[in-house]
Amino acid sequence: MLTKWLQDHKPRGAAMKDQPAFYRNLEQHMDIHRADHSLWVAKPRWDDSVLDFTSSDFLSFNRSGRIREAFLEELGRHENFRLSASGSRVQYGNYDYLIQTENELATFHKAEAAYLVHSGYMANAGSMAAIPLPGDAIVYDDAVHASCHEGMELSLASSKISFRHNDSDSLREVLISLKESNAAFVLGTSSILVAVESVYSMDGDICPLAELVQVVKELFPLGNAQFIIDEAHSNGVIGPLGGGLVDMLGLQKDIAIRVHMCSKALGSTGVKLGVILCNKTVRDRLISNARFAIYSGAPSFPMVACMRAGYRLLENGQAEKGMAKIQSSVRHFLSTITAHPVWEEAVNEGILNIPLTEEYEDIECLTHIVPVLTRPKHELYLFFHLMINNINAYAITFPVVPKGKSRVRLVFHAHNDLDQAETLARVICEWAQEMLNIEAGETESSIPSAARQVYAMKF
Ligand SMILES: Cc1ncc(COP(=O)(O)O)c(C=O)c1O
């Protein structure tokens, strides 16, 4: 895997002297990112012998085959299915099975209506683009996903303003400044869409949703400020039966738009639908104004059947065992790493930091995402060290996270047992010890051994 990864980072522009300039220009542009290994490349799939602290198969529905079995059962119930929707939702593509599935999902999540779209990305981007009217505002947590930013760019909202991550005071300040700047927000003739995520995908922290809802209700009693929440990282892993954060908090009536992604815990349904839970007004607005629905064929039967199969697993309580396993592995990892003899020194010297270690004992519901913050560039060194020790957890750097917040992002699953959590903690600490030795001038090289091995590989 590393060999292929390195090959993909080898500069190509210079070797394209005699090629058409069109392609050379593209390669040269990508070379800028190849030079510091920051180019996004399609990674080869590793086999199950590598410890998985990266995939989005949180509940192991995919690797265990449970989603496949449920999918095949679902197909068996509809032997004469038609493969294609044969049209967009506003034309021929609005078939009964799709509508029934939406109704079932709405019931499961206690929503008035549901609307299925081809992916979570499209659900987020499409809703953000389609809902706001001219003169409206979007206010968003500064850590929301790229898909929200995409949608905001396309939206007709007149202002788009961020508030500090998970900070209700900051949200309050932004909302007050909007009210002060435009009477339409006070009179209720313009609206505000507040965008948040239930579990933030890079930090793994949970949105203080109940607190944010109170702020919005207090400042906008006419109901012209409403939330859109991205439940990508809570679907299947938080709340009763894995219904997500809004279901857990019983805030269904307070959140206008909930976007659930089926590409993750739901067994990474293979075909990755997004579910928009909303009321009938929002659904009609999406149908009539979201370009993804008007100008694209409706989701096909196998896509919908696959996600319905995933939801059947949730309804049958199959998420809950996996959720409990994730909780215990994350807790075990945190207690093991903090008890390791090198931990305190490594943190004090700024070699690594896991903010969650300071508070996890008081947190009832931990999430499956644990970031290990490092110094810039060290995230790659740690990634190499883990890889060479048969552990997969990716390095994440700017622009996915802010500058200075580089990290290796650990994702825990139902298939990571306590032994794996312990191995992970030990291997990270071995790396930290090596970095401390380098700092103390006790080694010949200033580059850690795994990185040296990787950089020495021939490609
Ligand atoms: C927070 C968040 N929102 C949206 C998406 C997009 O979801 P999908 O993979 O279903 O398109 C992702 C996936 O990476 C995500 O992490």
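So, how was this worked out
- Residues numbered from 1 in each chain as written.
- Predicted model: local features only at pLDDT ≥ 70, side-chain atom pairs only at ≥ 80, totals over all residues.
- Domains from an automatic or database assignment.
- Contact = placed C-beta atoms within 7 Å.
- Helix = DSSP H or I, 4+ residues; strand = E, 2+ residues; numbered from the N terminus.
- Nonpolar A, V, L, I, M, F, W, Y, C, P; charged D, E, K, R; others polar.
- Buried ≥ 20, exposed ≤ 12 C-beta atoms within 10 Å, placed from the backbone.
- Pairing = 2+ DSSP bridges.
- Right-handed = clockwise from strand over helix to strand, strands pointing away.
- Near = placed C-beta within 6 Å.
- Core = buried A, V, L, I, M, F, W, Y, C linked by C-beta atoms within 7 Å.
- Expected span 1.5 Å × (residues − 1).
- Axes fitted to C-alpha atoms, helices over the stretch in contact; angles between N-to-C directions.
- Parallel < 35°, antiparallel > 145°, perpendicular 65-115°, else oblique.
- Left-handed = near helix turned anticlockwise from the far one by under 90°.

## A closer look at the domain arrangement of the chain
- Domain assignment breaks the chain into domain 1 (2-10 + 38-57 + 320-456) and domain 2 (66-315).
- Computed from C-alpha coordinates alone, the two centres of domain 1 and domain 2 are separated by 31 Å.
- Opposite the 14 residues of domain 1 that make contact, domain 2 presents 14 residues.
- For the side of domain 1 that touches domain 2, the secondary structure elements donating two or more residues are α14 (318-339) and β10 (369-374).
- By residue number, the principal contributor to the side of domain 1 that touches domain 2 is β10, which donates three residues.
- Considering only residue class, the side of domain 1 that touches domain 2 consists of nine nonpolar, three polar and two charged.

## What to know about the pairing of strand β3 (residues 137-141)
- Here β3 lies mainly inside the structure; five of its five residues are buried.
- Alternating positions in β3 separate into two faces, A137, V139 and D141 on one and I138 and Y140 on the other, with burial throughout.
- Here β3 runs beside strand β4 (residues 159-163); their pairing, made up of five bridges, is parallel. In the sheet register, A137 faces β4, and the bridge partner there is S159.
- On the question of chirality, the crossover connecting β3 to the parallel β4 by way of helix α6 (residues 146-154) is right-handed.
- In terms of strand pairing, β3 meets strand β5 (residues 192-197) through four bridges, oriented parallel. Note that in β5 the partner of V139 across the bridge is V194.

## Describing the site of the ligand
- Around the ligand, the structure places 15 residues, and the nearest of them are S119, G120, Y121, A232 and S263.
- Residue classes in the shell around the ligand are distributed as three nonpolar, nine polar and three charged.

## What about the nonpolar core?
- Core analysis: the largest hydrophobic core is formed by 127 residues, its most contacted members being V117, V139, V194, A195, V196, I228 and I276.
- Among the elements that make up this core, the one with the highest residue count is helix α13 (residues 301-315) (nine residues).
- A domain split of this core shows at least three residues from each of domain 1 (2-10 + 38-57 + 320-456) and domain 2 (66-315).
- Sequence-distant contacts of I276, defined by excluding residues within four places in its chain, comprise A114, Y115, V117, A123, S127, I257, V259 and L286.

## A few points about helix α2 (residues 21-35)
- The end-to-end C-alpha separation of α2 is 20 Å, in line with the 21 Å expected for 15 residues at 1.5 Å each.
- Positive backbone phi, approximately 60°, marks H37, located one or two places after α2.

## Section: the packing of helix α5 (residues 120-130) against α6
- Relative to each other, α5 and α6 sit at 30°, their axes nearing to 7 Å. By the angle class used here, α5 and α6 are roughly parallel. The chirality of how α5 crosses α6 is right-handed. Facing Y121, N124, A125, G126, S127, M128 and A129 of α5, the residues of α6 in contact are S147, C148, E150, G151, M152 and L154.
- Here the contact of α5 with α6 is built from residues that sort into seven nonpolar, five polar and one charged.

## So, the sheet that holds β3
- One open sheet holds the seven strands; their spatial order is β2-β8-β7-β6-β5-β3-β4, and the pairing between them is mixed. What marks the edges here is a single partner per strand, and that holds for β2 (113-117) and β4. Pairs of neighbouring strands in the sheet enclose a mean axial angle of 20°, with direction left out of account.
- In terms of strand pairing, strand β6 (residues 225-230) meets strand β7 (residues 257-261) through three bridges, oriented parallel. What sits directly across from D230, in β7, is V259.

## Structural notes on the environment of H29
- In this fold, H29 is placed in helix α2.
- Given 10 C-beta atoms within a 10 Å radius, H29 is considered exposed.
- Distance in space between the C-alpha atoms of H29 and G13 is 8.2 Å, their sequence separation being 16 residues.

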